[in-house]
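If you want the building blocks of each chain, they are given just below.
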Amino acid sequence: VGDFGMEGTTGTDGRVVTLRGGAVARVRPDGTQLEVYSYHTRNICDVAITPYLDLFTRDNTNDGKGWNIRVHHFTNGSEHGYPRLYQHFTDEAVKPLLDMGGGSGTGALYLHEPGFPGMFGDMLYTCDWTTGRIYQHELAPLEATFTAKQEDFMELGRAVDMDVDGESRLYVCDWRNGQFSYAGKGKKVGLVQRIVPPGAKVESWPDLKKASGAELVGHLAHRSAVRRLEAQRELLKRGADPEIAKGLFGLIKDGKAPLYGRVAGIFTFKQLYGAKATSPLAELLEDGVIREFVLRAIADRRDELAGVPAQWFREGLGDESPRVRLQAVIGLERLGTKEGAEDLLALAAASWGEEAKLGKDEDYRIPHACVQALARVGAWEACVHALADPVRRVVALRALQLMHKEEVVEALAVALGKAGADG
């Protein structure tokens, strides 16, 4: 969503969302379950999604007021700071992975296809209309987010977008000769180029409509993200089936299967069975390799959370994997429960203390997510109580300033008076 936002946007299920500013919104293909996923970007045109459900984009500049081209990593509930925070309150928003000066970010793609050599087939790419280039971004894990590099991949006239088909053929869109206004009669504007890696040997595209259920489940573990997505769609069209469920669980539990295939299996099962998928998925929480994705799938639909225990997510807050901890935080927020607020305060305080060791362009995502979760569930009582603890106080105050309620103001006034009386 661009920075004009959404004013009273209504989904087909009647859900109304008002957003002032740019962001990423999420909605089902039938128009239901509209929600804001990440907040306050400037004017993004595309979102790239990895096989492990990390989201990235290349944002636009704001014409000279200090918001440069930025490569963002989106996580559920992340606040990116445009236009209120990025100049004077930068510590209240997450940092971009890259801040690249002037430009106009356009398309984005996470390429995960077998026909490209080396790292090129497992890479984030972004496009920029102003520089006329497509860039590749090598990512490295940092806590529950990433660091990123930028290198030129391809130079065009006006790089607009890119996509790939299921046989590893890349398509790039170039708005060549295009300007901000009409280019003039008789002038050819725009072209699409197809790029095929030299010597690439890729399987022909299968007829998925004729494939058996077992074959479709097998395609979920294919190295091609395009094939995984189309196989998943075909399975969802066919609906719930005991044999399909058995096959999906066989894939999900298979420790020798590629992780991207197991992830595809988890979310295919969740979409097929909805709330009924919760108990079977919970049995998989013992598997540390897929725990983050199981937690994410269980909390994925806000209208399918009745009876889901907060304890599953509270236990995840202490996991050794920062990605599991992040999904546990997000899950507690999506549950809408204040249970676990003390745990969130402690986790954020511990993570915040470690940030002093980071480089100037590095950021942690977990403490930010904890603050957002505390504020959105309205856990003001726990935050006010935490003001007495100098370690947790900074987290509590950061969350309290996001809770615009009379009872919060009154409680803070009492706490301030007590602090004054105590000297």
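As shown above, the structure is provided for reference.
Residues numbered from 1 in each chain as written. Predicted model: local features only at pLDDT ≥ 70, side-chain atom pairs only at ≥ 80, totals over all residues. Heavy atoms only, no water.

### Quick look at the side chain of Arg-325
Rules: Each helix corresponds to a stretch of at least 4 residues labelled H or I by DSSP, and each strand to a stretch of at least 2 residues labelled E; elements are numbered beginning at the N terminus. Relative accessibility under 20% of the residue-type maximum defines a buried residue, over 50% an exposed one, and the middle range a partly exposed one, all with a 1.4 Å probe and only protein chains included. Counted as positive: Lys and Arg. Counted as negative: Asp and Glu, with His and the chain ends omitted from the count. Here, a salt bridge means any Lys or Arg side-chain nitrogen found within 4 Å of an Asp or Glu carboxyl oxygen. In protein, a polar contact requires one atom able to donate a hydrogen and another able to accept it; more generally it is a pair of N or O atoms within 3.5 Å, and residues adjacent in sequence count only if both atoms are side-chain atoms.
Inspection of the secondary structure puts Arg-325 in helix H8 (residues 322–335). No salt bridge is formed by the buried Arg-325; the nearest opposite charge belongs to Glu-143, separated by 5.9 Å. For Arg-325, the side chain forms a polar contact with the main-chain oxygen of Asp-319, separated by 2.8 Å. Looking at Arg-325, its side chain comes within polar contact range of the main-chain oxygen of Glu-320, at 3.3 Å.

### Regarding unusual backbone geometry
Cis geometry marks the peptide bond from Tyr-82 to Pro-83; its omega dihedral reads 0°. Considering the arrangement of structural elements, one finds Pro-83 in the loop between strand S7 (70–74) and strand S8 (98–99). One non-glycine residue, Leu-53, lies in positive phi territory at about 70°. Its place among the elements puts Leu-53 in the loop between strand S5 (48–49) and strand S6 (55–58). Here Leu-53 falls in the partly exposed class, since its relative accessible area comes to 22%. Phi at Glu-143 takes a positive value of approximately 55°, unusual for a residue other than glycine. Inspection of the secondary structure assignment puts Glu-143 in the loop between strand S12 (139–142) and strand S13 (145–148).

### Here we look at the packing of helix H2 (residues 225–238) against helix H4 (residues 259–273)
Cut-off, in case you're wondering: For every element, the axis is a line fit to its C-alpha atoms; helices are fit only across the contacting stretch, and the angle between N-to-C directions ranges from 0 to 180 degrees. Oblique is the label for any angle not under 35 degrees, not over 145, and not in the 65 to 115 range, which are roughly parallel, roughly antiparallel and roughly perpendicular in turn. In this scheme the handedness of a crossing depends on how the near helix is turned from the far one: anticlockwise by less than a right angle means left-handed, clockwise means right-handed. By the convention used here, residues are in contact when the closest approach between their heavy atoms is within 4.5 Å. Polar here means any residue other than Ala, Val, Leu, Ile, Met, Phe, Trp, Tyr, Cys and Pro, which are nonpolar, and Asp, Glu, Lys and Arg, which are charged; Gly is therefore polar.
It is the contact of H2 with H4, at a shortest axis distance of 10 Å, that shows an interaxial angle of 25°. Of the possible angle classes, the one that applies to H2 and H4 is roughly parallel. Helix-helix and strand crossings are classified by hand; for H2 and H4 the assignment is right-handed. Contact with H2, carried on its side by Arg-228, Gln-232, Leu-235 and Leu-236, involves Tyr-260, Ala-264, Phe-267, Thr-268, Gln-271 and Leu-272 of H4 and no other residues of that element. Looking at the contact of H2 with H4 residue by residue, the classes come out as 6 nonpolar, 3 polar and 1 charged.

### Re the environment of Glu-203
Note on placement: Glu-203 falls in the loop between strand S17 (191–195) and helix H1 (213–219). Judged by its relative accessible area of 48%, Glu-203 falls in the partly exposed class. Separated by 125 residues in the primary sequence, Glu-203 and Ser-78 have C-alpha atoms spaced 39 Å apart. Not counting the four nearest positions on each side in its chain, Glu-203 is found in contact with Glu-167, His-222 and Arg-227.

### Things to note about the side chain of Arg-262
With respect to the secondary-structure elements, Arg-262 resides in helix H4. Excluding residues within four positions of it along the chain, Arg-262 makes contact with Leu-251, Ile-252, Lys-253, Asp-254, Gly-255, Ala-257, Asp-287, Val-289 and Ile-290.

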